Amino acid sequence: MKRVYIQTYGCQMNLYDTGKLRALLGKDGYVRTDDMQEADVIIVNTCSVREKPEHKLHSFLGDALKIKRTTQRDITVAVAGCVAQQEGQKLLERYRELDLVFGPDAVPRVRELVAAALPVAGRPAGQVLDTEFLDLETYAFATDLDPDADGKVGAFVTIQKGCDNKCTFCIVPATRGLEVSRPSDQILVEVRALVDQGVREITLIGQNVNSYGLKVPGERNFAALLYAVAEVQGVERIRYTTSHPRDMGQDVVQAYRDLPQLTSHIHLPVQSGSNRVLRRMKRFYTREGYCSLIDDLRGARPDLVLTTDFIVGFPGETEADFEETMTLMDEVSFQGSFSFKFSPRPDTPALRLLEDGVPPEVAQARLVRLQSRQREISLAAHQAMEGRIFEVLVEGPSKHDEGVICGRTSSFKMINFPGDESLQGKTVPVTVIRGFTNSLRGEMFVS
Ligand code: SAM
Ligand code: SF4
């Protein structure tokens, strides 16, 4: 039996790509192992959006190549994902024992690539590199489903790759290329296949889902795609990420009135509450425009919960700019956020602004303040849910407590409550007993 170990760093895109790697290599007889020591193929799927996840790659590779060096078996070690795309040949030169480097667009070609990197008659095949960007036609693997998704309640479905925006801090357009929308018919085939496998909740993923389909004559736009997915029998919930505030149109707002399957949660990255910083980031919306969009969305779906991403310490961010981010947190009442210190990335336009850089200790202090306020807002929101009943889609048994199962509300809140595994995949009413900062505890409501 051949075994593959895959370590994934980064966003939902990378998790989705890892699922496809498993599905495709499965066709050649590779089964998943969670023990790197027994793997025949070791792949690290990397993220370069900030410096920290990029660092993890190097320590991981140190371990993987040590195993390759010290075992008798032939082991193929590969780097995939955004760092692979960005560093390419440099990685192969730095790590002479590395067999294969391939970018995100080469995922559909993984079977050929691994085969090309395998030793022949005990002799290394030579290093293999593939950082070509794909055209649309080759991006078709709708029915190659992640074997690990089997039995799961929720699944990701990629609807587009790459990004046409040029946010000045962001490396994604360089590592994932220009935006390409997957044909919607292909997306719907994948959704149907997932539902047949038992999936109830579909999360559509892309870097800027709101611009889905706009470049392709005759293609559905994002709102039309939402309606089409909602029509698939068995799709109980639809989520999506990531939305760009500039591109979200009134047709998507309308979908919140029309589609009960669309969940009451949107992750809408704002990055900063200061118009001056937003301009320097080239985000092309203002604080006022962002808030007015949220008013529209809440008009369509009054119980809508908002979460967001923030970057603090962007070059030139003053104390006054940061205060505007803090006041925006309260104005919108985000119930959760991912927040990051600005991390300079290779070849991004923000590097030119670095002479205005915010000292690391100032950025750190801002991050601590923001995260502490976020915890207060989240806790208060979760405590306000106590005593109320919510429809919860059960995901499965809790990892920590026996006899406890967990699931999510439509607003994406994780709730743990006593119950039986047989409820997995079912939607049940649950009363919130206690709200914590990041989760809820409840009990099933029996009328
Ligand atoms: N496409 C999404 C959007 O437009 O919001 C974001 C994609 S990015 C993978 C996820 C988040 O990482 C961003 O929203 C941003 O907050 C953060 N991020 C991206 N580049 C960054 C950088 N150079 N430094 C710090 N955070 C960064
Ligand atoms: Fe990066 Fe901006 Fe594109 Fe998001 S929209 S992936 S932040 S360039």
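Residues numbered from 1 in each chain as written. Chains lettered and ligands numbered in written order. Predicted model: local features only at pLDDT ≥ 70, side-chain atom pairs only at ≥ 80, totals over all residues. Heavy atoms only, no water.

**Section: the sheet that holds strand β5 (residues 100-102)**
Spatially, β2-β1-β3-β4-β5-β6 is the arrangement adopted by the 6 strands of the open sheet, whose pairing is parallel. Across the chains shown, the open sheet's two edge strands, defined by having one partner strand only, are β2 (30-32) and β6 (128-130). Taken over all neighbouring pairs, the strand axes of this sheet differ in orientation by 20 degrees on average, direction set aside. Where strand β3 (residues 41-46) and strand β4 (residues 76-80) come together, 5 bridges link them in parallel fashion. Its bridge partner lying in β4, Ile42 is registered against Val77. Its contacts with the sheet put helix α1 (residues 12-26) on β1 (2-8), β2, β3 and β5, and the angle it makes with β1 is roughly 175 degrees. Across the sheet, helix α5 (residues 110-117) is in contact with β2, β3, β4, β5 and β6; its angle to β5 comes to roughly 160 degrees. (Pairing = 2+ DSSP bridges. Helix = DSSP H or I, 4+ residues; strand = E, 2+ residues; numbered from the N terminus. Axes fitted to C-alpha atoms, helices over the stretch in contact; angles between N-to-C directions. Contact = heavy atoms within 4.5 Å.)

**Things to note about the packing of aromatic side chains**
Any pair of aromatic rings gets described here by the distance separating the centres and the angle formed by the planes. Tallied over the full model, the rule gives 6 aromatic pairs. Between Tyr285 and Tyr290 the ring centres are 6.1 Å apart and the planes differ by 35 degrees, which places this aromatic pair in the tilted class. Residue classification places Tyr285 among the buried residues on the basis of a relative accessible area of 11%. Tyr290 gets classed as buried once you look at its relative accessible area, which sits at 1%. An angle of 85 degrees between the planes, with centres 5.7 Å apart, marks the rings of Phe310 and Phe334 as edge-to-face. In this pair, Phe310 is assigned in strand β13 (residues 305-312) and Phe334 in the loop between α12 (319-332) and β14 (336-341), connecting sequence segments 24 residues apart. Classification of Phe310 as buried rests on a relative accessible area of 0%. Through successive ring pairs, a cluster of aromatic residues spans Tyr285, Tyr290, Phe310 and Phe334. Positioned above the aromatic ring of Tyr30 is the side chain of Lys2, whose terminal nitrogen or guanidinium carbon lies 4.5 Å from the ring centre. The ring of Phe340 is capped by Arg50, whose NZ or CZ atom sits 3.6 Å from the centre of that ring. (Phe/Tyr/Trp six-rings, centres within 6.5 Å; stacked < 30°, edge-to-face > 60°. Buried < 20%, exposed > 50% of the residue type's maximum accessible area, 1.4 Å probe, protein only. Lys NZ or Arg CZ within 6 Å of the ring centre and 35° of its normal.)

**Some words on the packing of helix α8 (residues 222-231) against helix α9 (residues 250-258)**
Direction vectors running N to C along α8 and α9 enclose 20 degrees, while the axes themselves pass 8 Å from each other. Regarding the angle of α8 to α9, the classification is roughly parallel. Of the two elements, α8 crosses α9, and the hand of that crossing is right-handed. Packed against α8, whose contacting residues are Phe222, Ala223, Leu226 and Tyr227, the element α9 presents Asp251, Val252, Gln254, Ala255 and Asp258 at the interface. Classifying every residue of the contact of α8 with α9 by side-chain character gives 6 nonpolar, 1 polar and 2 charged. (Parallel < 35°, antiparallel > 145°, perpendicular 65-115°, else oblique. Left-handed = near helix turned anticlockwise from the far one by under 90°. Nonpolar A, V, L, I, M, F, W, Y, C, P; charged D, E, K, R; others polar.)

**Some words on the site of ligand 1**
Taken together, 15 residues sit near ligand 1, with Phe169, Gln207, Gln271, Asp309 and Ser343 positioned nearest. Gln207 places a polar main-chain atom, nitrogen or oxygen, 2.8 Å from a nitrogen atom of ligand 1. The backbone of Ser343 places a nitrogen or oxygen atom 2.8 Å from a nitrogen atom of ligand 1. Here ligand 1, which alone exposes 560 Å², has 91% of that area covered by the protein. Residue assignment for the shell around ligand 1 shows that the elements contributing at least two residues are β13 and β14. (Near = heavy atom within 4 Å. Polar contact = N/O pair within 3.5 Å; in protein donor to acceptor, adjacent residues only side chain to side chain. Areas by Shrake-Rupley, 256 points an atom, 1.4 Å probe, with all protein chains shown as cover.)

**Focus: the state of the cysteines**
Tallied over the full model, the rule gives 0 disulfides. In this structure Cys11 is a free cysteine whose sulfur lies 6.1 Å from that of Cys47, the closest cysteine sulfur available. By relative accessible area, Cys11 is classed as partly exposed at 30%. (Disulfide = S-S within 2.5 Å.)

**Considering helix α11 (residues 287-300)**
End to end, α11 covers 20 Å across 14 residues, agreeing with the expected 20 Å (1.5 Å per residue, within 8%). The inward-facing, buried residues of α11 abut α9, β12 (265-267), α10 (275-281), β13 and α12. (Expected span 1.5 Å × (residues − 1).)

**Concerning the sheet that holds β13**
With parallel pairing, 3 strands are arranged side by side in an open sheet as β12-β13-β14. Strand pairing shows two members of the sheet lacking a second neighbour, β12 and β14, which therefore form its edges. Each neighbouring strand pair of the sheet contributes to a mean axis angle of 10 degrees, computed without reference to strand direction. Where β12 meets β13, 3 bridges bridge the pair, whose relative direction is parallel. Residue pairing in the sheet places Ile266 in a bridge with Leu306 of β13. Sheet strands in contact with helix α13 (residues 360-383) are β13 and β14, and its direction is about 175 degrees off that of β14.

**Section: the site of ligand 2**
In the neighbourhood of ligand 2, the contacting residues comprise Cys163, Asn165, Cys167, Phe169, Cys170, Val172, Pro173, Gln207, His244 and Arg283. The class makeup of the residues in the shell around ligand 2 is 6 nonpolar, 3 polar and 1 charged.

**Regarding the nonpolar core**
Judged by nonpolar contacts, the single largest core of 57 residues is most densely connected at Val191, Leu204, Phe222, Leu226, Tyr240, Tyr256 and Ile266. A total of 7 residues in this core trace back to one element, the largest contributor, which is α8. Residues Tyr9, Ala64, Ile67 and Val77 belong to the second largest nonpolar core, which totals 23 residues. (Core = buried A, V, L, I, M, F, W, Y, C linked by side-chain atoms within 4.5 Å.)

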